[in-house]
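Remarks on the overall topology
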Amino acid sequence: MLNWLKNQAHTKWADVPASQDGETLIHASAQEIYEKLDFASPANALRERGFKFGPGNPAYRIYELTDPDIPESRLVFEVTEAAPQKHYAYRVLRYVEGNDSPVSEAEREYTIEPAPDGGHFLHLKETSMLEENVHRDEYVLARAQLNFRVFRNLARLKLHVELGANAASFK
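Before going into details, it helps to say that this report is about the structure given with it.

Rules and cut-offs
- Residues numbered from 1 in each chain as written.
- Predicted model: local features only at pLDDT ≥ 70, side-chain atom pairs only at ≥ 80, totals over all residues.
- Heavy atoms only, no water.
- Helix = DSSP H or I, 4+ residues; strand = E, 2+ residues; numbered from the N terminus.
- Buried < 20%, exposed > 50% of the residue type's maximum accessible area, 1.4 Å probe, protein only.
- Contact = heavy atoms within 4.5 Å.
- Core = buried A, V, L, I, M, F, W, Y, C linked by side-chain atoms within 4.5 Å.
- Phe/Tyr/Trp six-rings, centres within 6.5 Å; stacked < 30°, edge-to-face > 60°.
- Lys NZ or Arg CZ within 6 Å of the ring centre and 35° of its normal.
- Arc of directions from axis to C-beta.
- Salt bridge = Lys/Arg side-chain N within 4 Å of Asp/Glu carboxyl O.

Turning our eyes to something else, we now look at the overall build of the protein chain. Helix and strand content of the protein chain: three helices and seven strands. Across the 171 residues in the protein chain, those meeting the buried criterion constitute 38%. Residue pairs at least 24 apart in sequence account for 50% of intrachain contacts in the protein chain once pairs closer than 6 positions are excluded.

Structure representation (structure tokens):
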């Protein structure tokens, strides 16, 4: 499965995007789930968890957010696709200044599908670009962190939709 790691002579670890995906079952309507994803919604999950929305440019579907735990952070999101109650996708254009992460840009794509026994499946696919000339060890660590982030984001959204913002406020 991880045979690509065995090639010690390989040096261009970040020459292709890193993709991760995951899925969770959320016991809620598609509308409730979509509202938590949509940056324009007053019920957006990040907004409810205390993220500050800056000027951005909502007319062009560009949103600027600041994490309350990292006031010097500035994240810029560009919504690329929005199909209410079905699909929501965006690019993260800038990460936290001074962040040690080799991730330079990421795209997140959420898909909402009905579950056979009620509720909805929320699928997240994240594709990240890493900075050029990333060392093998940094690449391996970044891939592990990216995989963890997908499942943390899904768990946080599930808890938020089903139990409220306080349940999703873990670090």
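Back to the write-up after that little detour.
One finds Ile 33, Leu 37, Phe 39, Tyr 90 and Leu 122 to be the most contacted residues of the largest nonpolar core, which totals 26 residues. For this core, the secondary structure elements donating two or more residues are helix H1 (30–37), helix H2 (45–48), strand E3 (62–66), strand E4 (75–83), strand E5 (87–94), strand E6 (103–114), strand E7 (120–130) and helix H3 (136–163). Among residues more than four places away in sequence, those in contact with Leu 122 are Gly 22, Glu 23, Thr 24, Ile 26, Ile 33, Leu 37, Tyr 110, Thr 111, Ile 112, Leu 154 and Leu 157. If you look at the next biggest cluster of nonpolar residues, it comprises seven residues, including Ala 18, Val 134, Tyr 139 and Ala 142.

Phi at Arg 61 takes a positive value of approximately 60°, unusual for a residue other than glycine. If you trace the backbone, Arg 61 turns up in the loop between strand E2 (52–53) and E3. Residue classification places Arg 61 among the partly exposed positions, given a relative accessible area of 34%. Of note in the backbone geometry, Gln 85 takes a positive phi value of approximately 65° without being a glycine. Tracing the chain through its elements places Gln 85 in the loop between E4 and E5.

Turning our eyes to something else, we now look at the packing of aromatic side chains. By the definition in use, this model includes nine aromatic pairs. The interplanar angle of 65° and the centroid separation of 5.0 Å between the aromatic rings of Phe 39 and Tyr 90 together place this pair among those described as edge-to-face. Of this pair, Phe 39 sits in the loop between H1 and H2 while Tyr 90 sits in strand E5; the two residues are 51 residues apart in sequence, bridging distant segments of the chain. Here the two residues Phe 39 and Tyr 90 agree in accessibility, since each one is buried. Cluster of aromatic residues (ring-pair linked, three or more members): Tyr 34, Phe 39, Phe 53, Tyr 63, Phe 77, Tyr 88, Tyr 90 and Tyr 110. Across from the ring centre of Phe 53, 3.8 Å away, lies the NZ or CZ of Arg 47, which sits over that ring.

So, about the environment of Ala 83. The residue Ala 83 is located in strand E4 in this model. Ala 83 sits 28 residues away from Thr 111 along the chain, and the two C-alpha atoms are 9.4 Å apart.

Before going further, it helps to examine the environment of Arg 156. With respect to the element layout, Arg 156 can be found in helix H3. For the pair formed by Arg 156 and Ala 167, sequence separation is 11 residues and the distance between their alpha carbons is 8.0 Å.

Take H1 next. Buried within H1 are the following residues: Ala 30, Ile 33, Tyr 34, Lys 36 and Leu 37. Taken down its axis, H1 places every buried residue within 155° of arc, on the same side.

Before going further, it helps to examine the pattern of salt bridges. Scanning the model with the defined rule gives seven salt bridges in all. Linking Glu 126 and Arg 149 is a salt bridge whose minimum nitrogen-to-oxygen distance equals 2.5 Å. A residue pair is termed long-range when its members are at least 10 positions apart, and Glu 126 in strand E7 and Arg 149 in helix H3 qualify at 23 residues. Note on Glu 126: relative accessible area 0%, which makes it buried. Looking at Arg 149, the relative accessible area reads 13%, which means it is buried. One continuous salt-bridge network, built from bridges that share partners, spans Glu 78, Arg 91 and Glu 105.

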